[in-house]
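Overview (structure and organization)
Okay, here's what each chain looks like letter by letter:
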Amino acid sequence: MKTGKMPCLALPPAVITQDSEPLHQHRRLAILRRVLNDDSLPLRARVAAALVLLYAQPVSRIVRLAIDDITDDETTVTVRLGEPPSPLPKPAADLMRAYIRSRQHMPYASSGSSQWLFPGRQPGQPMNPVSLQAHLRKIGVPPQRGRTSAIRQLVLQAPAPIIAKALGYYDKTATRLVTEAGGTWSRYAPGDHTR
């Protein structure tokens, strides 16, 4: 277009169809309960849905998790989203263990040896986030709305800086979410208070 060999293109404006209005807490927990207990749903989608609904992780970050980000010491399963790693509650931990064991039987040639928790079809590449979002929607999990609901609930239960550090969010983002959710941690001062 700059050299004049191609006409200018007019692209239609992008239409965003996602509804970012968070789910009600009861609805989020009902979806989470179904995801954790319904064995007829695909295991990969169930694990991803649990990470979205429990830890407010965006799908783009979930697909970038590596096997090394999951630690299982036979009593506790943790996932490294931030520092320190976050423990998975019992039903989600059992689901994660089952998923990791099942990875060797995935239909892609490289998935058994892949470093990615959610390996893609291309060797050495993680799953495409758009594909994972489609899997989540197919099982009835709205990824954006579920994530928004989860993070708002989390910042209401603990100080924003702690949630931000544990889940890999920026402090300013977590603080903004507290304000949006009507939280009361606005005067929390992080750091060492033993002096």
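Before reading further, recall that the structure is shown in the block above.
Small disclaimer: the values here were computed from a predicted structure and weren't measured. Residue positions are counted from 1 within each chain, in the order its sequence is given. With the structure being a predicted model, the display of local features is reserved for residues of pLDDT at least 70 and the display and counting of side-chain atom pairs for 80 or more, all residues being used for whole-chain, interface and lining totals. Hydrogens and waters are ignored; side-chain quantities use all the structure's heavy atoms.

A separate point is helix α2 (residues 43-55). For α2, with 13 residues, the first-to-last C-alpha span of 18 Å sits near the 18 Å given by 1.5 Å per residue. To sort residues, take the accessible area from a 1.4 Å probe on protein chains only and compare it with the maximum for the residue type: under 20% means buried, over 50% means exposed, and anything in between is partly exposed. What counts as a helix is a DSSP run of H or I of at least four residues, what counts as a strand is a run of E of at least two, and both are numbered from the N terminus. The buried fraction of α2 is high, at 12 of 13 residues. By the burial criterion, the buried members of α2 are Arg 44, Ala 45, Arg 46, Val 47, Ala 48, Ala 49, Ala 50, Leu 51, Val 52, Leu 53, Leu 54 and Tyr 55. Count one or two residues on from α2 and you reach Ala 56, which has phi positive near 55 degrees. Residue count minus one, scaled by 1.5 Å, sets the expected span of a helix.

Salt bridges are defined as contacts in which a side-chain nitrogen from Lys or Arg sits within 4 Å of a carboxyl oxygen from Asp or Glu. Enumeration according to the criterion identifies five salt bridges in this entry. Across the salt bridge formed by Lys 90 and Asp 94, the nearest N and O atoms sit 3.0 Å from each other. Residue Lys 90 and its partner Asp 94 are both found in helix α4 (residues 90-102); the two are separated by four residues, about one turn of the helix. Since its relative accessible area comes to 58%, Lys 90 is described here as exposed. For Asp 94, a relative accessible area of 33% translates into the label partly exposed.

A few words now on the side chain of Gln 57. The residue Gln 57 is located in the loop between α2 and α3 (59-62) in this model. Within the structure, Gln 57 has its side chain in polar contact with the side chain of Arg 61 (distance 2.8 Å). N or O atoms closer than or at 3.5 Å make up a polar contact, with two conditions inside protein: a donor-capable atom paired with an acceptor-capable one, and, for residues adjacent in sequence, both atoms drawn from side chains. For Gln 57, the side chain forms a polar contact with the main-chain oxygen of Leu 167, separated by 3.2 Å. Residues count as neighbours in contact if any of their non-hydrogen atoms are within 4.5 Å of one another. Beyond its immediate sequence surroundings of up to four residues, Gln 57 is in contact with Leu 51, Val 52, Ile 62, Leu 81, Arg 147, Leu 167 and Tyr 169.

All right, on to the side chain of Ser 149 then. Relative to the assigned elements, Ser 149 resides in helix α6 (residues 143-157). In this structure the side chain of Ser 149 is engaged in a polar contact, spanning 3.5 Å, whose partner is the side chain of Arg 28. Residues in contact with Ser 149, not counting those within four places in the same chain, are Pro 22, Leu 23, His 24, Gln 25 and Arg 28.

What follows deals with empty space enclosed by the protein. Points on a 1 Å grid over protein atoms alone make up a cavity when a 1.4 Å probe fits among them but cannot get out, and a pocket when they form an open set with protein on both sides within 12 Å along at least five of seven lines; lining residues each have an atom within 4 Å of a point. Grid points are joined across faces, edges and corners, and a volume is the space filled by probe spheres set on the points. Taken as a whole, this structure holds one cavity of 30 Å³ or more when the rule is applied. The space that makes up the largest cavity amounts to roughly 30 Å³. Contributions of two or more residues to the lining of the largest cavity are made by α2 and α4. Among the elements that line the lining of the largest cavity, the one with the most residues is α2, at three residues. Looking at the lining of the largest cavity residue by residue, the class counts come to six nonpolar, no polar and no charged. Classification used: nonpolar for Ala, Val, Leu, Ile, Met, Phe, Trp, Tyr, Cys and Pro, charged for Asp, Glu, Lys and Arg, polar for all others including Gly.

This part covers the nonpolar core. What is meant by a nonpolar core is a set of buried Ala, Val, Leu, Ile, Met, Phe, Trp, Tyr and Cys residues, joined one to another through side-chain atoms within 4.5 Å. Ranked by size, the top nonpolar core spans 50 residues in total, and within it Leu 51, Leu 88, Met 96, Phe 118, Val 141 and Leu 167 carry the most contacts. Per-element accounting of this core gives the leading share, 10 residues, to α2. Discounting residues that sit within four places of it in the chain, Phe 118 has contacts with Arg 44, Val 47, Ala 48, Ile 62, Val 63, Leu 65, Tyr 99, Pro 126 and Met 127.

Bringing the environment of Leu 81 into the picture now. Inspection of the secondary structure assignment puts Leu 81 in the loop between β2 (77-79) and β3 (86-87). Along the chain, Leu 81 and Lys 165 lie 84 residues apart, while their C-alpha atoms are 8.7 Å from each other. Setting aside chain neighbours within four positions, we find Leu 81 in contact with Tyr 55, Gln 57, Leu 65, Ser 86, Ala 166, Leu 167 and Gly 168.

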